[in-house]
Amino acid sequence: MRPTRTPRPSRPRRLAWLLVCALAALFLTAPASGAAAAAPAPVPGTLTPYNIGAVYTAGVSSGGYMATQLHVAYSGTVSGSAAFASGPYDCARTSLPTALNACMNTTQDLQLAQLEQLTRDRSAQGQVDPVANLAGDPVYVFSGTNDSTVKQPVATALSDYYAHFGARVLYNRTTAAGHAWISPLGPNACGVTQTPFLNDCGFDAERELLGHLLGSVAAPATSPSGSLIRFDQNAYAPGGSAAALSMGDEGFAYVPASCAGGAACSLMVALHGCKQGYAYQGFGTRFVEGGYLNEYADTNAMVVLYPQAAPTGTLENPNGCWNWWGYLGDAAYARHGGKQIEAVMGMVRALRGGTPPPPAGGGSVTLSSVDAQDGYVKAAADGSGPAVGTLEDLSGYALGRGTDGKVNRTLLSFDTSRIPAGKEVTRAYLTVSRSSGSGDPWSSPAGNRLLVDVRTGCFGGCAVEAADWSAPATVAGAAEIGTFSSGSAVSTNLSPAALAALDRSGTTQLRLGFASAPVTTAYLFVNQAAPVTLTVEFR
């Protein structure tokens, strides 16, 4: 067993804290004020199936970003989206400075072409639904000319993003609004940016957006007459803890009497912005009541789901924003596997009568790779002359072609007996962190893929040995890790065959390697100072 490593010094936390504070100050900041509209009192309940067909998303600010993430990640389920005061899909790319400077301000180029290519790449890798689904989808974008929080060029980039994928975009960019959700029930004047971030701009934005998404709408009810259900969000949170995802314990769903009676209905997922969640400093249900969606729901056969983000007790997310820049270490926040995305989609499935939430006792376990059994092996491109790599403690686990012309593969061991007995494994994925590297092995040759092989037990002995380079796997190519140049990356989900191959009584080994031997020197080292993790979800 190797001696305990001394972690490398991290970058000063003060800068990160200042950036988080800056984000918090820009997104929906102001002293509390504003009145709520009349609405039914929430009643405790659960999410039960209704006769729901089409699903749409809508949101403001961080909720606008989340609405787009849900639409792009699950375009096979979500048929259209509306976004107030936000920008294009995964604009931040796990970088808080990018979120601040490119996705709110315009001091940094948000690189729209790269975001569009990122979407296509994720679609090809199965990390989001097929991008072809977006063609023809209705999308509504709103950006106020007085919005200095998310500046209008950022929202214009969202409109352009969708248009480039063939969506039908309606873009309202001429209203002199501040940073807010626009509603006839808003207590604020149109041009201000202050709590509760519900602004009355003298027109019915909900008629405009719903008319575009649904095709046409009937006039709204004078006041809502359906039921507002308060439900437990922990039942839908991966791992069983909503707080661990920066989500509230309580969510809400507005159900018109017609939908409760079995009528065919649509579903709107409505996502509040920062400082608008139920759990934020007593904000309560003001967004639920003042968004002017329930009134339209009654007359247009539409259930409205109101998931709730919540503030963290740390500087990760003190204002209860939705996760659109990768806080709390969730590198998959904008695609399949994103913890908040999966929680919300679990709610959607429950309302549509699909897969129910995990039963009591369900959850997840995150396993760290076994330090004494991890390592890497290298060989010629044809597998000849294999040898165990020696730079693990200095640089980490090697992948790709090194300066010596050898091709490296990494071996990782996990104690999968820690998966609770009697549970059905539903999903598993790897998280790796880049330590250093040179060149781009994903483009040498073009389209190269970093694949994950799974072995029930060990490839040979559980300690790394030269023969592990070419030893047969139980399941080859069970998952894939997309290109990344810094930070962490999350693999695609392990295939069903790979889930079945996890050794529930002992060790499971994974081997990481590129599908094709790089033709030039192009490599990366991963996890020099911390273990790779395998997250396993079960029910």
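This structure is a prediction, so every number in the text was calculated from the model and none was measured.

Further remarks concern the state of the cysteines. Under the counting rule described, the total for this entry stands at 5 disulfides. In this model Cys259 forms its disulfide with Cys265; the gap between the sulfur atoms is 2.1 Å. Looking along the S-S bond of the Cys259-Cys265 disulfide, the torsion reads about -110°, which is the left-handed sense. The buried category is assigned to Cys259, whose relative accessible area is 1%. With a sulfur-sulfur separation of 1.8 Å, Cys458 is cross-linked through a disulfide to Cys462. Between Cys458 and Cys462 the disulfide shows an S-S torsion of about 75°. By sign, it is right-handed. By relative accessible area, which is 26% here, Cys462 ends up partly exposed. When the cysteines engaged in disulfides are numbered in sequence order, the protein chain pairs them as 1-2, 3-4, 5-6, 7-8, 9-10.

Attention now moves to the packing of helix H2 (residues 62-73) against helix H10 (residues 339-352). One can describe the packing of H2 onto H10 by two numbers: an axis separation of 11 Å at closest approach and a directional angle of 75°. By the angle class used here, H2 and H10 are roughly perpendicular. Contacts between H2 and H10 involve Met66, Gln69, Leu70 and Ala73 on the former and, on the latter, Gln340, Ile341, Val344 and Met345.

With that settled, consider the nonpolar core. The biggest cluster of nonpolar side chains holds 73 residues, and the ones touching the most others in it are Leu47, Leu267, Val269 and Leu305. The leading source of residues in this core is H10, at 8 residues. Counting residues in each nonpolar core, the second largest holds 35 residues, with Trp442, Ala479, Leu494 and Leu499 among its members.

What follows is about the sheet that holds strand E7 (residues 188-189). Taken together, the 3 strands give an open sheet; going across it, the order is E6-E8-E7, and neighbouring strands pair in parallel fashion. Looking at strand neighbours, the two that pair on one side only are strand E6 (181-182) and E7, the edges of this open sheet. Pairing geometry for E6 and strand E8 (residues 198-200), over 2 bridges, is parallel. Opposite Trp181, over in E8, you have Leu198 as the bridge partner.

What follows concerns the confidence of the model for the protein chain. The share of residues in the protein chain with pLDDT of 70 or more is 91%, and the mean pLDDT across the chain is 89. Across residues 1-22, confidence stays below pLDDT 50; counting only partners more than four residues off in sequence or on other chains, it has 27 contacts.

Looking now at helix H6 (residues 205-214). Since the α-helix packs 3.6 residues into each turn, any two residues three or four apart lie on the same face. Taking burial as the measure, the 10 residues of H6 include 7 buried ones, the bulk of the element. Buried within H6 are the following residues: Ala205, Glu206, Leu209, Leu210, Gly211, His212 and Leu213. Measuring from the side-chain oxygen of the N-cap residue of H6 to the backbone nitrogen of Glu206 gives 3.1 Å; that N-cap residue is Asp204. Where H6 terminates, the next one or two residues include Gly215, which has phi positive at roughly 105°.

Take the sheet that holds strand E12 (residues 302-306) next. Taken together, 9 strands build an open sheet; the order of strands is E1-E9-E10-E12-E11-E2-E3-E4-E5 and the sheet is mixed. Across the chains shown, the open sheet's two edge strands, defined by having one partner strand only, are strand E1 (43-44) and strand E5 (168-172). Where strand E2 (residues 52-60) meets strand E11 (residues 265-271), 6 bridges bridge the pair, whose relative direction is parallel. From the neighbouring strand, Gly59 faces E11, where its bridge partner is Leu271. Each of E2, strand E3 (78-84), strand E4 (138-142), E5, E11 and E12 is contacted by H6, which is oriented at about 155° to E4, the strand it contacts most.

So, how was this worked out
- Residues numbered from 1 in each chain as written.
- Predicted model: local features only at pLDDT ≥ 70, side-chain atom pairs only at ≥ 80, totals over all residues.
- Heavy atoms only, no water.
- Disulfide = S-S within 2.5 Å.
- Buried < 20%, exposed > 50% of the residue type's maximum accessible area, 1.4 Å probe, protein only.
- Axes fitted to C-alpha atoms, helices over the stretch in contact; angles between N-to-C directions.
- Helix = DSSP H or I, 4+ residues; strand = E, 2+ residues; numbered from the N terminus.
- Parallel < 35°, antiparallel > 145°, perpendicular 65-115°, else oblique.
- Contact = heavy atoms within 4.5 Å.
- Core = buried A, V, L, I, M, F, W, Y, C linked by side-chain atoms within 4.5 Å.
- Pairing = 2+ DSSP bridges.
- pLDDT = per-residue confidence, 0-100.
- Polar contact = N/O pair within 3.5 Å; in protein donor to acceptor, adjacent residues only side chain to side chain.

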